[in-house]
Amino acid sequence: MNVGCVILAYTLLVGASLGSKAVQPLKAPCRSGFSQNFYTVIVPREVLRGQGILKVKFEDCQHSRAVDFVSSDPKFNVRPDGMVYAEQEVANLSEPVQFMVTARGLHDPHIWETTVKLAQTGHPHPLPLTKVSIEEMLSRVWDSQPRVIKFPRKHQRSSYANGLRRQKRDWVIPPINVPENSRGPFPHMLVRIRSDQDKDVGIRYSITGAGADQPPSGIYNIDPISGNMFVTQPLDREERASFHLRAHAVDMNGNQVENPIDLYIYVIDMNDNRPEFQNQVYNGSVPEGSKPGSSVMQVTASDSDDSTTANGMVRYRILSQTPHSPIPNMFTINSETGDIVTVAAGLDREKVSQYTIIVQATDMEGNLNFGLSNTATALISITDINDNPPELTVRTFSGEVPENKVNVVVTNLTVVDRDQPHSPNWNAVYRIVSGDPSGHFTIRTNPITNEGMLTVVKPVDFEMNRAFMLTVVVSNQAHLASGIQSSLQSTAGVTISVQDVNEPPVFPVNPKLIRFEEGVPAGTILTVFAAQDPDHFIHQIVRYSKLSDPANWLKINRTNGQITTMALLDRESMYVKNNVYEATFLAFDNGKSGSPQASGTGTLQIYLIDVNDNSPVLIPREGQVCQRARPNSWINITASDADADPNEGPFIFELPKTPVSIRRNWTISRLGGDYAKLKLNIPYLEAGVYEFPISVSDSGNPPMSNRSLIRIKVCPCDDNGDCSTTGAVAAAGLGTGAIIAILICIIILLSMVLLFVVWMKRREKERQAKPLLIDPEDDVRDNILKYDEEGGGEEDQDYDLSQLQQPESLDHIISKINKPAGVRRVDERPVIPESQYPVRPSLPHPGDIGDFINDGLRAADNDPTAPPYDSLLVFDYEGSGSTAGSVSSLNSTSSGDQDYDYLNDWGPRFKKLADLYGGGDDD
């Protein structure tokens, strides 16, 4: 049975079983090549020359590559646009015709191939389409392969300029179709390759190409003697959809007998892959109140099977919707594209905020009997629109506020809004539409509770308004949705009562500015600085006091606020700034029942008008010029006046008329209003210091003058006009006698210092020559002591204790005591036998150590011979001997080893001693 008929029957079978409805295949990733591996076209019995048959679609992902198409059958050709046409007339097309179309880039080594099969119109179908299952049809396809493929009897002929060759054969070698996922048995024979020359010579057959001797190798093999070609394992179209092999025939010596032939093997797709959703959960949204047909979202599933067949054509449908409100089918899905849209009105976020949709994707064009399915979840959120106007909870609100208070919340306006909280559709905006023309109040929105906080922003006055009646309107940040009207409950009234409080007195004009000339004497009444009490409905008494008066110039009448001066007002005072003197006064009432006193402050500003009460002064008061007159040698003089214009400059500078020598030697001329220059009027003036007065007058009416004494140093100058050092000294007024006197004083001072140093040296020598009370060898002062010697042994006992006693210092004490005859002095060693101290046993018992110490203590306390004999002792001289006994006689009571472990039982005070002598095991 011809393989073309079988493929055509399979194609028609799939179409008949699943329906003829056109589908829009899912768009797969771009891959260069033909859109189909196999084309089947129904054509009439006779095909005219140049008649178009079909158009093969070639996908060029680069969109810039020139592709040339070539047909393997010379009766047919392909135009550049992919149109297959008849190269010559074809008559009596009684059997299907199959040929290969090859595409190759002009500058690209890649080659793409597809198979075109032409079937005659009305050609009978070899298979009963309506009664054969797909598995049986595939089995027949498997078994219907051509059993023998012979090498062509004619060799290759002409070739095209592009290098692609075509052969003139007796028949076209059809492609070999192998279904994927076959169960075997393997190896399974596909075809037999045979050469007509196998009768004359021994032939050896072989195949080459990907799948045979190239990766993936081993899928196909051939018996070299019989030429039987086998497939050795199941194929997977999703891994590789086609194979291109070449069959070879050689003699026993390896010489080529036949030209190689091309074998095309196509893997027939089976529906072995389920559709896979890109996401297991999809999230979409649609505004509430949307009209039917509104787009919500799109779900997408892909199938690894061939998208050009029903195996890879996916269709969508909705399995379930949760919840079923207001109806179970609020949404529908486009079966081909996966777009989900609304099909009914009534979406209300306040009732249902989210829908859960289970979407099923099925291949085989959605045929549930043959197709494979998969599911995904679509979560559709209903977004909020402003379809619920805010409503105030009551129609009238009330509150009260003290007068003169700001930033006080009078009352909270509560509102209800069913839209999504904390969104522009829910956030409330409050407005006062009437009752507050002066803008005393505003309404701020609490961002958490959405309440309106009615707040005072401008003080209210009880004496002006005792109550307010406001009308407020509430709305949202976002405008209401189309068709939604405002609610009557969006408007409410607010009644506000103003509470009267004790207000402080207020100065009508604050600050108050008055003008007076400076120099006003004490006791002058300047003004009355009175305050008024705003509490018109309560009679209160206002009193005054002074709060701030930096210069202490003013006082205020406690009863009526009259301001009187206590001192002379001076504009030039440090407390006056910019001719203005400020003082602050306090006005307070006597309070009312239940309220404390209230006070207010007022500032009085006194603008002091300047009078000419200050004389000008010269700056500087001294200068220096050369004793020989030079053209540019003069002294600049500046006048300063504490008064203001017009009582200051320009100034008039004058030299005194007497003595006459001043005007003869000097001249003064004004440079400007405040400046003048003083220079020599004669060619030479003896060096020295000259003092003379200069008179300066201001421009006041009447003017004030001042005689200022100026001191001028005249000195010899160098070529640069600078005063020399010698000249400076001479100019300072120091003559020869003064210089000699200064030198004598310096010499006397140096002599006194030298005598003091000599006296200190002599005193130091006398102190060093004075004998010490002790031997120099016993003097340890300022000596380096050596401590690695332990003393002189028995010599330490040789000392006279009487050296330490000073009995004469105790006469005044002893004289006051009635000392009987024969009683010793308290500072003398008694000549009596020494007390007997207890002797420690050689091996004392640990329990007796306490008794031993107590007995020794009592013996020492009762021993009258024990020093220091209760006397005042002097220790500044110790002598050269010592009465202490020698320690050389101390020795252990036994010569052998002694056990000191009992020291551990004597407590913590003997722990150190126990560590030194005990613990023999550690040695």
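Bear in mind the structure is a predicted one, so any value in this text is a computation, not a measurement.

1. A few points about the overall build of the protein
Per the secondary structure count, the protein includes eight helices and 50 strands. For the protein, buried positions account for 36% of its 923 residues. When the accessible surface of the protein is summed, it comes to about 54,500 Å², and 51% of that surface belongs to carbon and sulfur atoms.

2. As for the packing of aromatic side chains
A complete count under the given rule lists 18 aromatic pairs for this structure. Relative to Y205, the ring of F151 has its centre 6.5 Å away and its plane inclined at 15°; by these criteria the two rings are stacked. A residue pair is termed long-range when its members are at least 10 positions apart, and F151 in the loop between β10 (148-150) and β11 (176-179) and Y205 in strand β13 (residues 204-208) qualify at 54 residues. Across this residue pair, the class does not change: F151 and Y205 are buried. Seen from their ring centres, F529 and F585 are 6.2 Å apart, and the 80° between their planes marks the pair as edge-to-face.

3. What to know about the environment of G435
Looking at the secondary structure, you find G435 in the loop between β31 (428-434) and β32 (441-445). Along the backbone, G435 and M469 are 34 residues apart, and their C-alpha atoms lie at a distance of 5.3 Å.

4. Observations regarding the nonpolar core
Core analysis: the largest hydrophobic core is formed by 27 residues, its most contacted members being I193, Y220, M229 and L263. Counting only elements with at least two residues in this core, the list comes to β11, β12 (188-194), β13, β14 (220-222), β15 (228-231), β16 (242-250) and β17 (256-268). Here this core gets five residues from one element, more than from any other, and that element is β17. Leave out the neighbours within four places in its chain, and M229 touches H188, M189, L190, V191, I207, Y220, N221, I222, L245, L263 and I265. Core analysis: the second largest hydrophobic core is formed by 24 residues, F277, M297, V299 and A301 among them.

5. Considerations on the sheet that holds strand β47 (residues 666-670)
Taken in spatial order, the four strands line up as β43-β45-β48-β47 in an open sheet, and their pairing is antiparallel. Of all strands in the sheet, those bounded by a partner on one side alone are β43 (617-619) and β47. Taken pair by pair, the neighbouring strands of this sheet meet at an average axis angle of 30°, ignoring direction. Of the pairings in the sheet, the one linking β47 to strand β48 (residues 675-680) comprises five bridges and is antiparallel in character. The residue bridging I668 from the neighbouring strand is L678, located in β48.

6. Topic: the pairing of strand β34 (residues 467-476)
Consecutive side chains of a regular strand alternate in pointing toward one face of the sheet and then the other. For β31 and β34, the ladder comprises six bridges, and the chain directions are antiparallel. Counted as the bridge partner of S434 is T471 from β34. Pairing of β34 with strand β35 (residues 491-499), which is carried by seven bridges, proceeds in the antiparallel orientation. When the sheet's bridge partners are listed, F468 is paired in β35 with I496.

7. Some points on the sheet that holds strand β41 (residues 580-588)
Within the open sheet, the four strands sit side by side as β36-β42-β41-β38. Their pairing is mixed. Each end of this open sheet is capped by a strand with a single partner; those strands are β36 (512-517) and β38 (543-548). Each adjacent strand pair in this sheet contributes to an overall mean axis angle of 30°, direction not counted. With five bridges joining them, β38 and β41 adopt antiparallel strand pairing. Note on β41: the bridge partner recorded for K546 is F585.

8. Description of unusual backbone geometry
Here the amide bond leading from F186 into P187 is cis, since omega sits at -5°, within 30 degrees of zero. Phi is positive for N181, which is not a glycine, with a value near 60°. Relative to the helices and strands, N181 is located in the loop between β11 and β12. Overall, N181 belongs to the partly exposed group, its relative accessible area being 34%. In the Ramachandran plot, N578 falls in the positive-phi region, its phi being about 55° despite a non-glycine side chain. When you line up the elements, N578 lands in the loop between β40 (562-565) and β41.

9. Considering the confidence of the model for the protein
Averaged over every residue, the pLDDT of the protein is 78; residues scoring 70 or more account for 75%. Counting contacts from residues 123-137, a segment whose pLDDT is below 50, to residues more than four positions away or on other chains yields 24 contacts. Segment residues 808-826 is flagged for pLDDT under 50; beyond a separation of four residues in sequence, or across chains, it makes 11 contacts in the model.

10. A few points about the side chain of D73
Following the sequence through the fold, D73 ends up in the loop between β5 (67-71) and β6 (76-78). Among buried charged residues, D73 stands out as having no salt bridge; its nearest opposite-charge side chain is K75, 5.8 Å away. A distance of 3.0 Å separates a polar side-chain atom of D73 from the backbone nitrogen of K75.

11. Description of the pattern of salt bridges
The tally for this structure, following the rule as stated, stands at 13 salt bridges. Here R246 ties to D262 by a salt bridge, and the two come within 2.8 Å at their closest N and O atoms. A residue pair is termed long-range when its members are at least 10 positions apart, and R246 in strand β16 and D262 in strand β17 qualify at 16 residues. The closest approach of N and O atoms between E572 and R571, which form a salt bridge, is 3.0 Å. By relative accessible area, which is 11% here, R571 ends up buried. Each of K150, R194, D196 and D198 takes part in a single network of salt bridges with overlapping partners.

12. What about the pairing of strand β33 (residues 452-456)?
Among the five residues of β33, four are classified as buried, and the element is accordingly described as predominantly covered. For strand β29 (residues 409-413) and β33, the ladder comprises four bridges, and the chain directions are antiparallel. Bridged to L413 within β33 is G452. Alignment of β32 against β33, held across five bridges, turns out to be antiparallel. Each bridged residue has a counterpart across the sheet, and for I443 the counterpart in β33 is L454. In this antiparallel pair of consecutive strands, β32 and β33, the connection spans six residues, and N450 shows a positive phi of 70°.

13. A short note on a nonpolar patch on the surface
On the surface, a cluster of nonpolar side chains totalling about 610 Å² of accessible area is made up of L749, V753, F756, V757, W759 and M760. If you trace the backbone, V757 turns up in helix α5 (residues 736-769). Take V757: its relative accessible area is 42%, and that puts it in the partly exposed class.

14. As for the environment of E87
Tracing the sequence through the fold places E87 in the loop between β7 (83-86) and β8 (97-105). Accessibility expressed as a relative area gives 31% for E87, which makes it partly exposed. Placed 39 residues apart in sequence, E87 and L48 show a C-alpha to C-alpha distance of 8.7 Å. Beyond its immediate sequence surroundings of up to four residues, E87 is in contact with R49, P74, K75, F76 and N77. A polar atom in the side chain of E87 sits 3.5 Å from the side chain of Y85.

15. Regarding the side chain of N77
Note that N77 resides in strand β6. A polar contact is formed between the side chain of N77 and the side chain of E87, at a distance of 3.4 Å. In contact with N77, not counting residues within four places along its chain, are S71, M83, V84, Y85 and E87.

Rules behind the numbers
- Residues numbered from 1 in each chain as written.
- Predicted model: local features only at pLDDT ≥ 70, side-chain atom pairs only at ≥ 80, totals over all residues.
- Heavy atoms only, no water.
- Helix = DSSP H or I, 4+ residues; strand = E, 2+ residues; numbered from the N terminus.
- Buried < 20%, exposed > 50% of the residue type's maximum accessible area, 1.4 Å probe, protein only.
- Areas by Shrake-Rupley, 256 points an atom, 1.4 Å probe, with all protein chains shown as cover.
- Phe/Tyr/Trp six-rings, centres within 6.5 Å; stacked < 30°, edge-to-face > 60°.
- Core = buried A, V, L, I, M, F, W, Y, C linked by side-chain atoms within 4.5 Å.
- Contact = heavy atoms within 4.5 Å.
- Pairing = 2+ DSSP bridges.
- Axes fitted to C-alpha atoms, helices over the stretch in contact; angles between N-to-C directions.
- pLDDT = per-residue confidence, 0-100.
- Lys, Arg positive; Asp, Glu negative; His and termini not counted.
- Salt bridge = Lys/Arg side-chain N within 4 Å of Asp/Glu carboxyl O.
- Polar contact = N/O pair within 3.5 Å; in protein donor to acceptor, adjacent residues only side chain to side chain.
- Patch = residues over 30% accessible without salt bridge, like charges linked within 9 Å, V, L, I, M, F, W, Y side chains within 5 Å.

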